Amino acid sequence: MSEKQVTRRNFLYVTTGAFAAAGAASLAWPFVDQMNPDASVKALASTEIDLRPIIPGQSITVMWRGKPVFIRRRTQAEIDEAKKVNLADLPHPEADSDRAQNPEWLVMVGICTHLGCVPLGQKGDYNGWFCPCHGSHYDTSGRIRKGPAPTNLEIPNYVFLNETTIKIG
Amino acid sequence: MSENYAPKSAVGRWFNDRLPLLNLIYGHLLPYPTPKNLNYWWTFGGILTFCLVTQIITGLVLAMHYVADADLAFASVEHIMRDVNYGWLLRYIHANGASLFFMAVYIHMARSLFYGSYKEPRELIWIIGVFIFLLMIATAFMGYVLPWGQMSFWGATVITNLFSAIPLVGESVTNWLWGGYAVGSPLLTRFFTLHYLMPFLIFALVILHVWALHVPGNNNPEGINVVQGSQDTVPFHPHYVVKDMFALVVFLVVFAGFVFFVPNLLGHTDNYIEANPLQTPEHIVPEWYFLPFYAILRSVPDKLGGVILMVSAIAILAFLPWLDTSKVRSAKYRPLYRQFVWLFFANVILLGYLGAQTADGLFLIIGRIATAYYFAHFIIILPLLGYIEKTKPLPKSLSEPVLSPEERQMKAAASGASA
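The rules behind these values
- Residues numbered from 1 in each chain as written.
- Chains lettered and ligands numbered in written order.
- Predicted model: local features only at pLDDT ≥ 70, side-chain atom pairs only at ≥ 80, totals over all residues.
- Heavy atoms only, no water.
- Salt bridge = Lys/Arg side-chain N within 4 Å of Asp/Glu carboxyl O.
- Buried < 20%, exposed > 50% of the residue type's maximum accessible area, 1.4 Å probe, protein only.
- Helix = DSSP H or I, 4+ residues; strand = E, 2+ residues; numbered from the N terminus.
- Polar contact = N/O pair within 3.5 Å; in protein donor to acceptor, adjacent residues only side chain to side chain.
- Contact = heavy atoms within 4.5 Å.
- 1 Å grid on protein atoms, 1.4 Å probe; cavity = no way out; pocket = protein on both sides within 12 Å on 5 of 7 lines; lining within 4 Å.
- Points joined across faces, edges and corners; volume = space filled by probe spheres on them.

A. Examining the pattern of salt bridges more closely. Overall, the coordinates contain 13 salt bridges over all chains when judged by the stated rule. Across the salt bridge formed by Asp 50 of chain A and Arg 52 of chain A, the nearest N and O atoms sit 3.1 Å from each other. For Asp 50 of chain A, a relative accessible area of 36% gives the class partly exposed. The class of Arg 52 of chain A is exposed, set by a relative accessible area of 61%. The closest approach of N and O atoms between Lys 146 of chain A and Asp 125 of chain A, which form a salt bridge, is 2.5 Å. Pair noted here: Lys 146 of chain A is in strand E8 (residues 144–146) and Asp 125 of chain A is in the loop between strand E5 (120–123) and strand E6 (128–131), with a separation of 21 residues, a long-range link. Via salt bridges that share partners, Lys 119, Asp 324, Arg 334 and Glu 389 of chain B belong to a single interconnected network.

B. Expanded view of the side chain of Thr 58 of chain B. Within the secondary structure, Thr 58 of chain B sits in helix H3 (residues 44–63). For Thr 58 of chain B, a relative accessible area of 1% translates into the label buried. Side-chain polar atoms of Thr 58 of chain B contact the backbone oxygen of Thr 54 of chain B, separated by 2.7 Å. Apart from the residues lying within four places of it in its own chain, the contact partners of Thr 58 of chain B are Phe 31 of chain A together with Leu 90, Ile 93 and His 94 of chain B.

C. Layout of the layout of surface pockets. What the second largest pocket holds in volume is close to 1,300 Å³. Residue lining of the second largest pocket: 30 residues in total, with Ala 24 and Leu 27 of chain A together with Phe 50, Val 249 and Leu 252 of chain B positioned closest to the centre. The greatest single-element share of the lining of the second largest pocket, amounting to twelve residues, is contributed by helix H1 (residues 8–33) of chain A.

Below is the structure:
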């Protein structure tokens, strides 16, 4: 017989070890999970916004999950500018119609996709947003055009509850 | 023992040549010679180390969610219980862990008393242990204040007022402790800071405790000196590692029983009511592990006297190695001490019972007798016993008491022949 004899002791040794490892892992989990977002944070995961006070050409910033969300009621000029861009010229090609459910309303997370600063509105070479930290330029659709940011400004999940109210999250 | 250790891996050797940390760990945990007859009462040292580490780890994660401010503390504890993922589990482990820590430390101390582990040459181990116990008391008390419930608040009020008993400067000292003119936010914040610090001081003392222990080696149930490395000792690993692990698993069953089935059994319901500086709860008691000392405090009808007696009840432990005049360690060979030590244990339990009762009538009278007996044990009984007690003959080795008469004769004959 070439294989080593497996004894009762080997079996007990391995099963005890496996049991201890499973126990230790399941005991460790609560200590890891306690740092995840808790129930009180999850309860704030959606925000409803009344759009009525915003006139064309005006933006507001709302808080959603502790992050700023830009809501801009775009002018016709901005919409046209966003639509006429050749997608092939974009570092991260996305059509404006994929980014705004209603062309008049642009809703996006106001955090630069480079390293997390908040970009300034209506600044930069493309008349959209400009991040002061490391010089990323975004256009009127929040798409990255120039600078170190890798992707366009993120669009959160949102729905129009009616003509004048949206719900983010 | 540790000098001839060489790590197996090249990295281990490289490290160990530059910093012999592995030598140190190896020497103290693996071949460390241990008396071969240690019973399960000796497993509580390991259990206590586990308790300390558990309290530090659970405390660390609780501190990530707790807010030490009088306006927010109570709500933040409720937030831990309801919102934080597994917060209820972490808090119940921490709260019940404190109780089990004291349970284990009382057993550990009782073992030392019974088997005379505090005697020469182990006095310093015992004294370091008394300091660990003192720090544990302070840590547990401050920790109990943090949830800022009614018991927290009024416990803090009563205990900090003990310092007002100090003549002349009492009031200034209490105001200094409070950082104000009553218990409030400043006290809560400083208690939180100290509660976080003290476990690490305890940890440092535990290292000294174990270091001092490993100089003479463990005492044993026979209480006789054993020669390290003789037939009376076995290596710590695997013999006592396995025994300690088994005892720890049994201890964990009890621990889990408390945490998962009766997590509030040892607590007080009044502590789920937020602190109210305008109303004292009807019946205020400390946690169970302080009850014997609380009974001593209350048995004295004088403010300063009560405080002095309560502090003395703990301080007197540090002098135990010199108050006990008997040279024989183990109660097994001390027929009188064996009875008195059980009487002492019973008396402490009685004091604990009295501490939970209202301090009047018969309870107060019994409390005074029990307090007097507590001190009499140390000041009168122990010093006298050393002179009047006729101790039993001590065995020459650990094997001797378990040998049959024939084996004993054979051994005696063999040693006689060789002499």
